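Descriptive analysis of the structure
So you can see what is in the structure, the chains are spelled out below.
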Amino acid sequence: MSHTYKYPGIIYLIPTRLGMDQPHLEVLPMSIKRTVGTLDYFIAENEKTARRFIKAIAPKKSQPSLKFELINKFTNAEDIPSFLNPCKEGHNIGLLSEAGCPGIADPGAEVVKIAHQIGVKVVPLVGPSSILLAMMSSGMNGQNFTFNGYLPIDDKDRQSAIKALERMSALKDQAQIFIETPYRNNKMLETLVNSLHPYTRICVACDITLTTEMILTKTAAEWKNTKVDLHKRPTIFIVQKDGMY
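Bear in mind the structure is a predicted one, so any value in this text is a computation, not a measurement.

Criteria and cut-off values
- Residues numbered from 1 in each chain as written.
- Predicted model: local features only at pLDDT ≥ 70, side-chain atom pairs only at ≥ 80, totals over all residues.
- Heavy atoms only, no water.
- Pairing = 2+ DSSP bridges.
- Helix = DSSP H or I, 4+ residues; strand = E, 2+ residues; numbered from the N terminus.
- Axes fitted to C-alpha atoms, helices over the stretch in contact; angles between N-to-C directions.
- Buried < 20%, exposed > 50% of the residue type's maximum accessible area, 1.4 Å probe, protein only.
- Phe/Tyr/Trp six-rings, centres within 6.5 Å; stacked < 30°, edge-to-face > 60°.
- Lys NZ or Arg CZ within 6 Å of the ring centre and 35° of its normal.
- Core = buried A, V, L, I, M, F, W, Y, C linked by side-chain atoms within 4.5 Å.
- Contact = heavy atoms within 4.5 Å.
- Salt bridge = Lys/Arg side-chain N within 4 Å of Asp/Glu carboxyl O.

1. Regarding the sheet that holds strand β4 (residues 93-96)
- In space, the 5 strands of this open sheet follow the order β3-β2-β4-β1-β5, with parallel pairing throughout. Each of the sheet's edge strands pairs with one partner strand only, and the pair in question is β3 (67-70) and β5 (121-124). Here the strands of the sheet are splayed against their neighbours by 25° on average, with no regard to which way each runs.
- Here strand β1 (residues 10-14) pairs with β4 via 4 bridges, running parallel. Of the residues in β4, the one forming a bridge with Y12 is G94.

2. Considering the pairing of strand β8 (residues 201-206)
- Most of β8 sits out of view: 5 of its 6 residues are buried.
- Summarising the sheet, β8 and strand β10 (residues 235-240) pair through 6 bridges and their orientation is antiparallel. Counterpart to I202 in the pairing with β10 is V239.

3. Comments concerning the packing of aromatic side chains
- Counted under the stated rule, the structure contains 2 aromatic pairs.
- Taking the centre distance of 5.9 Å and the plane angle of 15° together, the rings of F178 and F237 count as stacked. Here F178 is found in strand β7 (residues 175-179), whereas its partner F237 is found in strand β10, with 59 residues between them in sequence. One exposure class covers both F178 and F237, and it is buried.
- Sitting over the ring of Y41, K67 keeps its end group 5.2 Å from the ring centre.

4. Notes on the nonpolar core
- In this structure, I14, V36, F42, F53, I54 and L96 are the most contacted members of the largest nonpolar core, which totals 20 residues.
- For this core, the secondary-structure elements that each account for two or more residues are β1, α2 (30-38), β2 (41-44) and α3 (47-57).
- The dominant element in this core, judged by the number of residues it contributes, is α3, at 4 residues.

5. Some points on the sheet that holds strand β9 (residues 214-219)
- One open sheet accounts for 5 strands, arranged β6-β7-β10-β8-β9; its pairing is mixed. Each end of this open sheet is capped by a strand with a single partner; those strands are β6 (145-150) and β9. Within the sheet, the average angular offset between the axes of one strand and its neighbour, ignoring direction, is 20°.
- The sheet contact formed by β7 and β10 spans 4 bridges and is antiparallel. The residue bridging I179 from the neighbouring strand is I236, located in β10.
- On top of the sheet, helix α7 (residues 155-172) reaches β6, β7 and β10; it is set at about 150° to β7, its chief contact.
- Sitting on the sheet, helix α8 (residues 185-195) is in contact with β7, β8 and β10, with an inclination near 10° to β10.

6. Looking at the environment of L216
- Checked against the element boundaries, L216 lands in strand β9.
- When the C-alpha atoms of L216 and A205 are compared, they prove to be 6.5 Å apart, with 11 residues separating the residues in sequence.
- In this structure, L216 is in contact with I202, C203, V204 and W223, ignoring residues within four places of it in sequence.

7. A closer look at the pattern of salt bridges
- Evaluated as defined, the whole model comprises 9 salt bridges.
- The salt bridge partner of D155 is R158, with a shortest N-O separation of 3.3 Å. Taken together, the residues D155 and R158, both in helix α7 and 3 residues apart, mark about one turn of the helix.
- For R158, a relative accessible area of 2% gives the class buried.
- Here K163 and E166 are joined by a salt bridge, their closest N and O atoms 3.4 Å apart. Linking K163 with E166, this pair stays in helix α7, spanning 3 residues, or about one helical turn.
- Given the relative accessible area of 4%, E166 is considered buried.

In structure tokens, the structure reads:
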């Protein structure tokens, strides 16, 4: 065991699919299947979906032997450090995301923070990140971008936030990435089109890795004449204003 780490156990960060209509191993490498097959301790947002994922990835694994800790909006923050107790005893743990990569727009980041603080080795596994896949395919500045999470819900506050992101994009030549609750996606695109400069580019990356995937980058003016339905479809929005026009 390296002197860098205090405890013998490892926490593996295990990405999952971004949607249900793709076979797991279409978008996930074999390393995930191998790692899941060795683990009995897991941290997840939802035990039912986590068990379903594990069964699909490692069908021969005994489900009754699996032990879960849940991290979600109902979790008491004071309980989270104890989730890493198996690592102190020499067991490895898998941290699962509901979709995509753990710790990225995901509550698992808090577990990873504590792992670093107490000296547990963190090993990220390769898998799909909707944020990076959207950025890769947007045609916007992949050298300089910011993920902003969710924008305000209030119409006036959201419009102000959008204009502020547009100014920052022009000032720093920086792509601005954000997400929205899926049932408000159409309203978000409408607000973007009506709030941004006509030449500001907007990328809409919807249903990434799914058979219904749609990734389009157009100016705000061009989006005014484009009909798309984003309702209840996981979507990444990216905005970039090219120069101070």
